[in-house]
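The chain contents come next:
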Number of protein chains: 4
Amino acid sequence: MEHFTGTSRTDLALEARELLTKQVSEDIPGVLVETSEDEEVVLTKVDITTPEAEKIMGKKQGTYVTIEAQGLRYKNTPLQEKIMKLLADELVGMAELSKKATVLVIGLGNRNITPDALGPRAIDKIVVTRHLQEILSPELKGGVRSICAIAPGVLGITGMETVEIVQGLVSKIKPDLVIAIDALAAASSRRVITTVQLANTGISPGSGVGNKRFGLTQESLGVPVIAIGVPTVVHASTIAMDTINVLQEHAPFARYFKSMENLSDADRHTILRQVLPEVLGDLMVTPKEVDRFIDDIAVAVAGGINQAMHPHIDYENIHAYLH
Amino acid sequence: MEHFTGTSRTDLALEARELLTKQVSEDIPGVLVETSEDEEVVLTKVDITTPEAEKIMGKKQGTYVTIEAQGLRYKNTPLQEKIMKLLADELVGMAELSKKATVLVIGLGNRNITPDALGPRAIDKIVVTRHLQEILSPELKGGVRSICAIAPGVLGITGMETVEIVQGLVSKIKPDLVIAIDALAAASSRRVITTVQLANTGISPGSGVGNKRFGLTQESLGVPVIAIGVPTVVHASTIAMDTINVLQEHAPFARYFKSMENLSDADRHTILRQVLPEVLGDLMVTPKEVDRFIDDIAVAVAGGINQAMHPHIDYENIHAYLH
Amino acid sequence: MEHFTGTSRTDLALEARELLTKQVSEDIPGVLVETSEDEEVVLTKVDITTPEAEKIMGKKQGTYVTIEAQGLRYKNTPLQEKIMKLLADELVGMAELSKKATVLVIGLGNRNITPDALGPRAIDKIVVTRHLQEILSPELKGGVRSICAIAPGVLGITGMETVEIVQGLVSKIKPDLVIAIDALAAASSRRVITTVQLANTGISPGSGVGNKRFGLTQESLGVPVIAIGVPTVVHASTIAMDTINVLQEHAPFARYFKSMENLSDADRHTILRQVLPEVLGDLMVTPKEVDRFIDDIAVAVAGGINQAMHPHIDYENIHAYLH
Amino acid sequence: MEHFTGTSRTDLALEARELLTKQVSEDIPGVLVETSEDEEVVLTKVDITTPEAEKIMGKKQGTYVTIEAQGLRYKNTPLQEKIMKLLADELVGMAELSKKATVLVIGLGNRNITPDALGPRAIDKIVVTRHLQEILSPELKGGVRSICAIAPGVLGITGMETVEIVQGLVSKIKPDLVIAIDALAAASSRRVITTVQLANTGISPGSGVGNKRFGLTQESLGVPVIAIGVPTVVHASTIAMDTINVLQEHAPFARYFKSMENLSDADRHTILRQVLPEVLGDLMVTPKEVDRFIDDIAVAVAGGINQAMHPHIDYENIHAYLH
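This structure is a prediction, so every number in the text was calculated from the model and none was measured. (Residues numbered from 1 in each chain as written. Chains lettered and ligands numbered in written order. Predicted model: local features only at pLDDT ≥ 70, side-chain atom pairs only at ≥ 80, totals over all residues. Heavy atoms only, no water.)

1. Brief notes about the overall build of chain A
Inference 1: Each helix and strand in chain A was counted, giving twelve helices and nine strands.
Inference 2: With 323 residues in all, chain A has 59% of them scored as buried.
Inference 3: Partitioning the intrachain contacts of chain A with sequence separation of at least 6 by distance along the chain shows that 72% fall at a separation of at least 24.
Inference 4: Summed over its atoms, the accessible surface of chain A is roughly 12,800 Å², and 50% of this surface lies on carbon and sulfur atoms. (Helix = DSSP H or I, 4+ residues; strand = E, 2+ residues; numbered from the N terminus. Buried < 20%, exposed > 50% of the residue type's maximum accessible area, 1.4 Å probe, protein only. Contact = heavy atoms within 4.5 Å. Areas by Shrake-Rupley, 256 points an atom, 1.4 Å probe, with all protein chains shown as cover.)

Shown next as structure tokens:
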């Protein structure tokens, strides 16, 4: 089944499953899916429970929670707050932290490439408290965990693998949990900036906008790692596949084709993985308003983490307390 | 021949001609082409001399000079200076300005969308002198023209058409020439950030990254307009066409197709203009390092204009004189 | 009384009066003052009603409304919204606009010098609608005035006086009102980023962070001009005066001084206007966190203008309507 | 002599000595000074050689090299290159590195506070090579050391002391040398952005724009630390002292003072350290054009480090080799 990975050119487990279920069957053995939704938000939980399911999905065993809201592209404070709350709730459930836990938040990505800058910009908005533990008043202490945060930069700028930097920090700071924030690539433009994914699997090699060479995982760091990701670019292969679909689905073009219904997985793989990257090189496909979108979604992600970590703070007055 | 416009989805006259000559013939009547090159730079002059040629090319009658240097993507000061000098020479030839001329430089585009920000960033680097005319020393005055410059912003932020703003300024400032700097879209990723185009036709409606609704031309402004443009994005249609080409040219895929050699112009047009924009919506395709590239090319464009306008300044000491 | 201007080195009428009333008397003839306050906000209205009062105050005849809230330095959404609402109410009262009025908003200042960038950053957040008048639905039209906006840049970058640019725009756009947003200098660090001043007098020459050479007033533009200003820097003279006060007020230093109680206005003037500028040159005094403060206050100012101009819009959904 | 520290409110050893020698004597025992200069640049070497000299100067024992060039405020490529070369030479002399050494460059400061952003911005311009050691061609390898670099952020944003972060990195990366880049505070506005200081003492607690709580030194890190600093702000106390000097030196004000010639060091200390900070709070004094200056000086500092670390690279083509 190895050739199926050609179809799952997405960092979202949700999309990996959608891409597969279109082709194979509604149910994938070892993959549990649960969905709940209201008018504004769709929440999906994908559990990959077996090594076989891991292979089919091209995603590590573990739990992936996706929060989707098309409205996130429009400045809309109440929706942003709802997403923050949902993200906080899911994060609390996934993290199972004691009140005395120390958490290290890592903002991955290159702050000078806008669609890759989600992590660094979210870090600027995290309420860090580790350095304040001794001076916090007792009543505040109950609701304020020990949080620290860093945007370590990318290999091309630091000359160090991110995993090396984080290993160095973990050995010094000894956190109970690492949370890693990253910009992702999606298979569908509909998901860009509208979706937040949490996963208890950490960050895998090769994922994200900047293509990590090593992962940030419990194996590499020695502590649990929760990844929070938001798609900010579309794979160029998406446009390529859309083009092929347009050619096939629009009657007037049919005369040019024998049939592509039977385009084999192996050929799809060849097109997406080998041929197009040569043509496209270092191009990326991103929304025109990506600069504004990144700022808004960084607020939502950081806000969700802040609420999960410091549950009893009055956020309207948080700056009066802490700064 | 109207359907040919489907093929010229580029703001570069050079590419418009390349796209045509691949399909029709080496010579297009009424289009004169002159090329000179060395190891680093290719300079091409395209003259569109007849109304018929204007129709075929989908570009206004006039002169288009293109300076191409693949090396521009790499920080390379001597090459940048060579490009500035070439740009200055071509601009001097095209503008035919008296020493006492006043020139208004307009930086088009949205400063908050990186690939569209070339114009505003170049404006910040123009050596403006109009407000200094009375205090300049006589020896300096000979080499310093009266230059002013503005980045007026885009319709969605100002609520005013750029042409309205510039008309208001022209009526007040009464310049002898308007130079308009704009980010363009190219048909080939090879041209992005490596090419500067000068044209004595002004800016046409619908061109540029931000799709102008009205043009900046001698007709609309009452004074000559020279446009300086640099491609910073690729049309998504480029990826679509590349995909089609990949499908056709790679033997293993041949079995899916009848022949596409005869893909009609009308069908090409349908694909590029009607089908893909629906699929792609507000996405743009741009190099990953576009933030850095834009800064570098803004320096080159502004430097070329500065040298053309103020020929006798010692640029190493220019800030000592003027600031 | 001309020497008194030495004391009013502030762009705030409120401070000009405070500085004077410390020295002269509680009441200045021709200056009417009205104050209202609650726990968070102090609102002061200063009316300068006679040419004599204009001379004494060093501020043009007219109405100055000041909204002060120390809490504005801390990210605090409910307080920001309260300030927006107050600003909107005061602006509505001052502007007396018909529903069909067209308003041109000008963001003064240099976007590359952070403390001077308030105007340009606020402009990016104004909801412009002039270009949408024809496509707005009738029910929306009642609550949406025709607004346009521009950040024209500063003399050193454009080579054009701001007043020339605005005159050109006014002659083309023919607005019923100009609103000018500007960063100001305060005499007291307590006022920096905590105070918004509205004035129906326009912008005077020499005021603001960037020291305008010409004013934006009804006289120069031919239409009413409302100025909205926020102090973002402190005059260096403030530090100098604070130093002198420290020296005088702290008992241990008293032995160095004869008395400075009688420091004459003329001498004060000499210190502040002639001696210190030589020493200080191009330095400015500003809060360390000015980058963040400017963004927050730009949101409040733009939000107040938006609410005043478009009273019936549901702001939570405004982006769905307009973008 | 402890009260003398009141006079050395500067991060520059050069200024510490100037401030002292005005008051005490031309020679300070244990402080060796060597100066060389040409028309553009003054190079000064201050050696603090005894514990007594350390106390008097308020600076750690060690070598401080200062490169001053007033012209650095004006964009002037040849002068920038000369400074880079000088900085590279001095750094080579001070570092005494083997060809196989690994160097970790740390950019201190807060990237969101412009005058404190020198370190982070310089880091973006360092040519990092540690991750390329295996793929470099043999001829390139001779001239390319193993360099890595990071801007760790500040305590208020990370919740971690910088020294903790760097200790974690040093334990993982095991560099032979740490170079720390920092923005400094000067006692004289003349030194701001015109001076680069190298010191083999590392970074002391309490120094820099952001006031470090712990130092980065050989003691805390276990490897040699070279500090490179550039003054980007002036102490507010400078303005206060300038004011006092103005008051004393200008004849017309003399009548207000008994005499301040004998202002005791203890009183000076009280003014500068206790009284003024209360008045000035979180204000900083910085040049108006600090945004532009920081970028230019970051280029010079990073360029000097690059040349010192990679002596045999052809810098015109460096990007072709490495990126």
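From this point, things continue past the structure.
2. Details of the packing of helix α7 (residues 162-173) of chain B against helix α7 (residues 162-173) of chain C
For any two helices packed against each other, one specifies the crossing angle of their axes together with the interaxial distance.
Inference 1: Interhelical geometry of α7 of chain B versus α7 of chain C gives an angle of 120° and a closest axis separation of 8 Å. Compared by their axis directions, α7 of chain B and α7 of chain C come out oblique. Classified by chirality, the crossing of α7 of chain C by α7 of chain B is right-handed. When α7 of chain B is examined against α7 of chain C, the residues Glu-164, Ile-165, Gln-167, Gly-168, Leu-169, Ser-171, Lys-172 and Ile-173 of chain B are found in contact with a partner set consisting of Glu-164, Ile-165, Gln-167, Gly-168, Leu-169, Ser-171, Lys-172 and Ile-173 of chain C.
Inference 2: Looking at the contact of α7 of chain B with α7 of chain C residue by residue, the class counts come to six nonpolar, six polar and four charged. (Axes fitted to C-alpha atoms, helices over the stretch in contact; angles between N-to-C directions. Parallel < 35°, antiparallel > 145°, perpendicular 65-115°, else oblique. Left-handed = near helix turned anticlockwise from the far one by under 90°. Nonpolar A, V, L, I, M, F, W, Y, C, P; charged D, E, K, R; others polar.)

3. A few points about the environment of Ala-227 of chain A
Inference 1: Along the polypeptide, Ala-227 of chain A turns up in strand β8 (residues 225-234).
Inference 2: Taking the C-alpha atoms as reference points, Ala-227 of chain A and Ser-146 of chain A, 81 residues apart in sequence, are found 19 Å from one another.

4. Quick notes on the confidence of the model for chain A
Residue and element names in this part refer to chain A.
Inference 1: Counting all residues, the mean pLDDT for chain A is 83, and 77% of those residues have values of 70 or more.
Inference 2: Ranking the elements of chain A by mean pLDDT puts helix α12 (residues 318-322) last with 47 and strand β4 (residues 102-107) first with 98.
Inference 3: This stretch, residues 319-323, has a pLDDT under 50; its non-local contacts, to residues over four places away or in other chains, come to seven contacts. (pLDDT = per-residue confidence, 0-100.)

5. Remarks on the pairing of strand β5 (residues 146-150) of chain A
Residues and elements named next belong to chain A.
Inference 1: Here β5 lies mainly inside the structure; five of its five residues are buried.
Inference 2: Sheet topology note: the β4/β5 ladder contains five bridges and is parallel. Opposite Leu-104, over in β5, you have Cys-148 as the bridge partner. (Pairing = 2+ DSSP bridges.)

6. Some words on the pattern of salt bridges
Inference 1: Counted according to the given criterion, the structure contains 45 salt bridges over all chains.
Inference 2: The partner of Arg-130 of chain A in a salt bridge is Glu-164 of chain D, with the nearest N and O atoms 2.6 Å apart. Placement of Arg-130 of chain A in the loop between α4 (118-123) and α5 (138-141) and of Glu-164 of chain D in helix α7 (residues 162-173) is noted, with the two residues assigned to different chains.
Inference 3: Its relative accessible area of 17% is what places Glu-164 of chain D among the buried residues.
Inference 4: For Glu-289 of chain C, the salt bridge is made with Arg-292 of chain C, and the minimal N-O distance between the two is 3.0 Å.
Inference 5: Judged by relative accessible area, Arg-292 of chain C falls into the partly exposed class, the value being 27%.
Inference 6: Beyond isolated ion pairs, a larger network of salt bridges with shared partners links Glu-15, Glu-68, Arg-190 and Arg-191 of chain C. (Salt bridge = Lys/Arg side-chain N within 4 Å of Asp/Glu carboxyl O.)

7. Some details on helix α11 (residues 290-309) of chain A
Inference 1: Between its terminal C-alpha atoms α11 of chain A stretches 28 Å, which fits the 28 Å expected from 20 residues at 1.5 Å a residue.
Inference 2: Counting buried residues in α11 of chain A gives 16 out of 20 residues, a clear majority hidden from the surface. (Expected span 1.5 Å × (residues − 1).)

8. Let's talk about empty space enclosed by the protein
Inference 1: By the definition in use, this model includes six cavities of 30 Å³ or more.
Inference 2: Put simply, the largest cavity is a space of about 320 Å³.
Inference 3: Lining the largest cavity are 29 residues, with Arg-111, Ala-151 and Gly-153 of chain B together with Arg-111 and Ala-151 of chain C positioned closest to its centre.
Inference 4: Those elements giving two or more residues to the lining of the largest cavity turn out to be α4 (118-123), β5 (146-150) and α6 (155-158) of chain B together with α4 (118-123) and α6 (155-158) of chain C. (1 Å grid on protein atoms, 1.4 Å probe; cavity = no way out; pocket = protein on both sides within 12 Å on 5 of 7 lines; lining within 4 Å. Points joined across faces, edges and corners; volume = space filled by probe spheres on them.)

9. Topic: the environment of Asp-89 of chain D
Inference 1: Examined against the element boundaries, Asp-89 of chain D turns out to sit in helix α3 (residues 77-95).
Inference 2: Here the alpha-carbon distance between Asp-89 of chain D and Ile-305 of chain D, two residues 216 residues apart in the chain, equals 9.5 Å.

10. Here we look at the packing of helix α3 (residues 77-95) of chain C against helix α11 (residues 290-309) of chain C
Residues and elements named next belong to chain C.
Inference 1: One can describe the packing of α3 onto α11 by two numbers: an axis separation of 8 Å at closest approach and a directional angle of 45°. Of the possible angle classes, the one that applies to α3 and α11 is oblique. The crossing of α3 and α11 is right-handed. On α11, the residues touching Gln-80, Met-84, Lys-85, Leu-87, Ala-88, Leu-91 and Val-92 of α3 are Asp-296, Val-299, Ala-300, Val-301, Gly-303, Gly-304, Ile-305, Gln-307, Ala-308 and Met-309.

11. Considering unusual backbone geometry
Inference 1: Positive phi outside glycine occurs at Ile-193 of chain B, with the angle close to 70°.
Inference 2: Assignment of secondary structure puts Ile-193 of chain B in the loop between β6 (177-186) and β7 (195-199).

12. Quick word on the pairing of strand β6 (residues 177-186) of chain D
All names here are of chain D.
Inference 1: Counting buried residues along β6, ten of its ten residues qualify, which places the element largely inside the surrounding structure.
Inference 2: Where strand β4 (residues 102-107) meets β6, five bridges bridge the pair, whose relative direction is parallel. Considered in β6, the bridge of Ile-106 is made with Ala-180.
Inference 3: Two elements, β6 and strand β8 (residues 225-234), share nine bridges in a ladder whose sense is parallel. Residue pairing across strands places Ala-180 opposite Ala-227, the latter belonging to β8.

13. A look at helix α3 (residues 77-95) of chain B
Each α-helix turn comprises 3.6 residues. Residues three or four places apart therefore point the same way.
Residue and element names in this part refer to chain B.
Inference 1: Taking 1.5 Å per residue, 19 residues should reach 27 Å; α3 reaches 26 Å between its end C-alpha atoms and fits that length.
Inference 2: For α3, the complete set of buried residues consists of Leu-79, Gln-80, Ile-83, Met-84, Leu-87, Ala-88, Glu-90, Leu-91, Met-94 and Ala-95.
Inference 3: Looking one or two residues past α3, Glu-96 carries a phi angle of roughly 50°, positive in sign.

14. Re the side chain of Thr-63 of chain D
All names here are of chain D.
Inference 1: Tracing the chain through its elements places Thr-63 in strand β3 (residues 62-68).
Inference 2: Judged by its relative accessible area of 18%, Thr-63 is buried.
Inference 3: Once residues lying within four places of it in the same chain are set aside, the contact partners of Thr-63 are Lys-45, Val-46, Asp-47, Met-94, Leu-198, Ala-199 and Asn-200.

15. So, the environment of Gly-119 of chain C
Residue and element names in this part refer to chain C.
Inference 1: Its place among the elements puts Gly-119 in helix α4.
Inference 2: Accessibility expressed as a relative area gives 0% for Gly-119, which makes it buried.
Inference 3: Considering only alpha carbons, one finds Gly-119 and Val-290, 171 residues apart in sequence, at a separation of 14 Å.
Inference 4: When sequence neighbours within four positions are dropped, the list of residues in contact with Gly-119 reads Gly-107, Leu-108 and Ile-181.

16. Side note on the side chain of Thr-195 of chain A
All names here are of chain A.
Inference 1: Tracing the sequence through the fold places Thr-195 in strand β7 (residues 195-199).
Inference 2: A relative accessible area of 0% means that Thr-195 is categorised as buried.
Inference 3: For Thr-195, the side chain forms a polar contact with the side chain of Thr-194, separated by 3.2 Å. (Polar contact = N/O pair within 3.5 Å; in protein donor to acceptor, adjacent residues only side chain to side chain.)

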